Amino acid sequence: MNASPSPSVPPAGSAGPDVLRTLLERPVPAVMGVLNITPDSFSDGGEFIAPEQALARARAMIEAGVDIIDIGAESTRPYKGAKAVTASDELARLKPVLAGVVALGVPVSIDSMKAEVVAYALDQGAAIANDVWGLQRDPAMAPLVAARGVPVIVMHNRDDADPAIDIITDMKTFFLRSLDIAAKAGIARDRIVLDPGIGFGKTAEQSMTALARLREFEMFGLPILVGASRKRFIASVSPSEPKERLAGSIAAHLIAAQRGAKIIRTHDVAETLQALRVANAIEGKQ
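What you see is a predicted model; the values in this text were computed from it and never measured.

Undergrad: Talk me through the overall build of the protein chain; I want residue IDs and the actual numbers.
TA: Looking only at helices and strands, one finds eleven helices and eight strands in the protein chain. Looking at the protein chain as a whole, 54% of its 286 residues qualify as buried. Nonlocal contacts in the protein chain, meaning residues at least 24 apart in sequence, comprise 71% of its contacts between residues at least 6 apart. When the accessible surface of the protein chain is summed, it comes to about 11,900 Å², and 53% of that surface belongs to carbon and sulfur atoms.

Okay, here's the thing in structure tokens:
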């Protein structure tokens, strides 16, 4: 069952519909902290699925200085092995946790490709929709986002990685298609964030190319979010397990920030925020 747009429901929660504009005005990229309430996410699956663990994790990220908490109840792990779940399954995981996280007062993003789940989360006060399929999987997603007037993160994705393609051209074509869907649904342009989808439907080389050529996406005139945290491409350079990739994640995120990324999505909030602040302070001395 897909959710239909509900214009009568107030858009976003206490953060309000202008949350994105407020975050983007800051001199340092906003930091989005990952909160996976899933049993099978690639890095931290099962660690925060219990409500008390999820809330403790959210509080810890807030204490570390997080700007947005991105909560997801279905693993969209960027490699083979993700198990699709129903909207009912997602909602069963979200319901014991979401209201409590929203009540902590930091803007909450809902990481889901299902309009029904996003609609529920917005009803509970989530402020941002984060669609890993860029409005291209659930036909009800774009009308829902338009009706609620909330910001939406449009991520590039592919079913499979193809090392033979020009990944930058593929990404630009994907984003043009997503933006056309958004425009036809009536989503305001200033509510859209683009995400290159590091690790999703890409080889390690293609993920690094996307980061290296991030400025090419300035052609769209939209803010960019980058989530390279603990991704497998890091291990292609320096063999490591997901939780051993902090340094590589920070390196990728600093390069992304230098190339114009306005939001950084990470599992490691305190360390990432410190790195971004120090880099910004040094840049300011030129």
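Undergrad: Account for the packing of aromatic side chains, naming residues and giving values.
TA: In this description, a pair of aromatic rings is defined by centroid distance and the angle of the planes. Under the definition given, this model contains three aromatic pairs. An angle of 80° between the planes, with centres 6.1 Å apart, marks the rings of F174 and F175 as edge-to-face. Its relative accessible area of 3% is what places F174 among the buried residues. The interplanar angle of 80° and the centroid separation of 5.8 Å between the aromatic rings of F175 and F220 together place this pair among those described as edge-to-face. Remark: F220 occurs in the loop between α8 (204–212) and β7 (225–226) and F175 occurs in helix α7 (residues 167–185); sequence separation between them is 45 residues. As far as the burial class goes, F175 and F220 line up, both buried. Through a chain of ring-to-ring contacts, three or more aromatic side chains come together here, namely F174, F175, F217 and F220.

Undergrad: Can you explain the environment of A127? Please cite residues and give values.
TA: With respect to the secondary-structure elements, A127 resides in the loop between α5 (115–123) and β4 (128–131). According to the relative accessible area criterion, A127 is buried, its value standing at 0%. Spatially, the C-alpha atoms of A127 and G149 are 9.7 Å apart, while their sequence positions differ by 22 residues.

Undergrad: Run through the pairing of strand β1 (residues 30–36), naming residues and quoting values.
TA: In terms of burial, β1 is a largely internal element, seven of the seven residues being buried. Side chains A30, M32, V34 and N36 of β1 all project onto a buried face; the interleaved residues V31, G33 and L35 project onto the opposite face, where all are buried too. In terms of strand pairing, β1 meets strand β8 (residues 263–266) through four bridges, oriented parallel. Residue pairing in the sheet places A30 in a bridge with I263 of β8. As judged from the five bridges shared by β1 and strand β2 (residues 68–72), these two strands associate in the parallel manner. Counted as the bridge partner of L35 is I71 from β2.

Undergrad: Any chance you could break down unusual backbone geometry for me, citing the residues and the numbers?
TA: Look at L135: it is not a glycine, yet its phi comes out positive at around 70°. Of note, L135 is situated in the loop between β4 and α6 (141–148). For L135, a relative accessible area of 3% gives the class buried. The phi torsion at R230 lies on the positive side, around 60°, for a residue other than glycine. The residue R230 is located in the loop between β7 and α9 (232–237) in this model.

Undergrad: Tell me what's going on with the side chain of D111, and back it up with residues and numbers.
TA: Inspection of the secondary structure assignment puts D111 in strand β3 (residues 108–111). On the basis of relative accessibility, which here comes to 6%, the residue D111 falls in the buried class. A polar atom in the side chain of D111 sits 3.4 Å from the side chain of R265.

Scoring rules and cut-offs
- Residues numbered from 1 in each chain as written.
- Predicted model: local features only at pLDDT ≥ 70, side-chain atom pairs only at ≥ 80, totals over all residues.
- Heavy atoms only, no water.
- Helix = DSSP H or I, 4+ residues; strand = E, 2+ residues; numbered from the N terminus.
- Buried < 20%, exposed > 50% of the residue type's maximum accessible area, 1.4 Å probe, protein only.
- Contact = heavy atoms within 4.5 Å.
- Areas by Shrake-Rupley, 256 points an atom, 1.4 Å probe, with all protein chains shown as cover.
- Phe/Tyr/Trp six-rings, centres within 6.5 Å; stacked < 30°, edge-to-face > 60°.
- Pairing = 2+ DSSP bridges.
- Polar contact = N/O pair within 3.5 Å; in protein donor to acceptor, adjacent residues only side chain to side chain.

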